[in-house]
Amino acid sequence: MTRLRLEITQRERRIAGLEVTLRKAQAGELADIAKRRQELESQVQAERDAIRKAQERLEQLERGGNPPATPPSTPPETQNQSLSPLTASY
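**Focus: the overall build of the protein chain**
Here comes step 1: Counting its regular elements, the protein chain contains one helix and zero strands.
Here comes step 2: A total of 90 residues make up the protein chain; the buried ones form 2% of that total.

Right under this line is the structure:
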């Protein structure tokens, strides 16, 4: 009977250690997801800004204004395709 109690105690300690490790892993994943989300939000905002500037240039040209001093930037190719998408399961 003492042997079983010892085994139970050891397994409870192992579970406690595993739970700590699991919480640390989950916290790390959440930090990675948050960082990736922030990067994507920045890219989306940059694209929106580029669209807004292009629309302003187009409106200026349509009103007969002078062409812009700098040529419009070329749209970026699909970036960061090597990065994994946010497909974390919750």
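So much for the structure itself; the text now carries on.
**Let's talk about the pattern of salt bridges**
Think of it this way: side chains of opposite charge can pair up when their charged atoms draw near.
Here comes step 1: Counting across every chain of the model gives four salt bridges.
Here comes step 2: Note that Arg 11 and Glu 7 form a salt bridge whose closest N and O atoms lie 3.1 Å from each other. Taken together, the residues Arg 11 and Glu 7, both in helix H1 (residues 2-62) and four residues apart, mark about one turn of the helix.
Here comes step 3: Between Arg 52 and Glu 56 there is a salt bridge, with the nearest N and O atoms lying 3.1 Å from each other.

**Examining H1**
Residues lying three or four places apart along an α-helix face the same way, a consequence of the helix completing one turn every 3.6 residues.
Here comes step 1: If you check H1, its first and last C-alpha atoms are 89 Å apart, about what 61 residues at 1.5 Å a residue would give, namely 90 Å.
Here comes step 2: One or two steps after H1, the chain reaches Gly 64, where phi turns positive at roughly 90 degrees.

**Regarding the confidence of the model for the protein chain**
Here comes step 1: Looking at the protein chain as a whole, its pLDDT mean stands at 84, while 71% of the residues score no less than 70.
Here comes step 2: Every residue in residues 81-85 scores below 50 in pLDDT, and together they form three contacts with partners more than four places removed in sequence or on other chains.

Thresholds applied
Residues numbered from 1 in each chain as written. Predicted model: local features only at pLDDT ≥ 70, side-chain atom pairs only at ≥ 80, totals over all residues. Heavy atoms only, no water. Helix = DSSP H or I, 4+ residues; strand = E, 2+ residues; numbered from the N terminus. Buried < 20%, exposed > 50% of the residue type's maximum accessible area, 1.4 Å probe, protein only. Salt bridge = Lys/Arg side-chain N within 4 Å of Asp/Glu carboxyl O. Expected span 1.5 Å × (residues − 1). pLDDT = per-residue confidence, 0-100. Contact = heavy atoms within 4.5 Å.

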